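# Notes for the structure review
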Amino acid sequence: MFLPKYPHSPTPPPVHHHTVADSTPVRRPAPQISITSGAVVAILVGGVVLTALLAAVAVTAISVAVCAVVIRSMLRDQRRR
């Protein structure tokens, strides 16, 4: 009653026979990547530009901070008088 009923197959399933070939692994060549001089120049120019922008932002931030301190001290002196 609780036993499964399998369908009747007239042909037996195929049997796969694996043969051991050569035991050395197959080495695939690595893909060749060619970098042109134009790509190198573009990367260098991009790095220089980004460095210059970072320096400009840093100098601007320091200038704003110094101006804020000077204005704050000037306003404090005005209030004391």
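See the structure shown above.
Below is a short write-up of the structure. (Residues numbered from 1 in each chain as written. Predicted model: local features only at pLDDT ≥ 70, side-chain atom pairs only at ≥ 80, totals over all residues. Heavy atoms only, no water.)

Another aspect to go through is the overall build of the chain. Looking only at helices and strands, the chain has one helix and zero strands in total. Going through the 81 residues of the chain one by one, you find that 0% of them count as buried. As displayed, the chain has an accessible area near 8,800 Å², and 69% of this comes from carbon and sulfur atoms. (Helix = DSSP H or I, 4+ residues; strand = E, 2+ residues; numbered from the N terminus. Buried < 20%, exposed > 50% of the residue type's maximum accessible area, 1.4 Å probe, protein only. Areas by Shrake-Rupley, 256 points an atom, 1.4 Å probe, with all protein chains shown as cover.)

With that out of the way, let us pick up a nonpolar patch on the surface. Together, Val41, Val45, Val49, Leu50 and Leu53 line one region of the surface with nonpolar side chains, adding up to about 470 Å² of accessible area. With respect to the helices, strands and loops of the structure, valine 45 is situated in helix α1 (residues 37-80). Classification of valine 45 as partly exposed rests on a relative accessible area of 47%. (Patch = residues over 30% accessible without salt bridge, like charges linked within 9 Å, V, L, I, M, F, W, Y side chains within 5 Å. Salt bridge = Lys/Arg side-chain N within 4 Å of Asp/Glu carboxyl O.)

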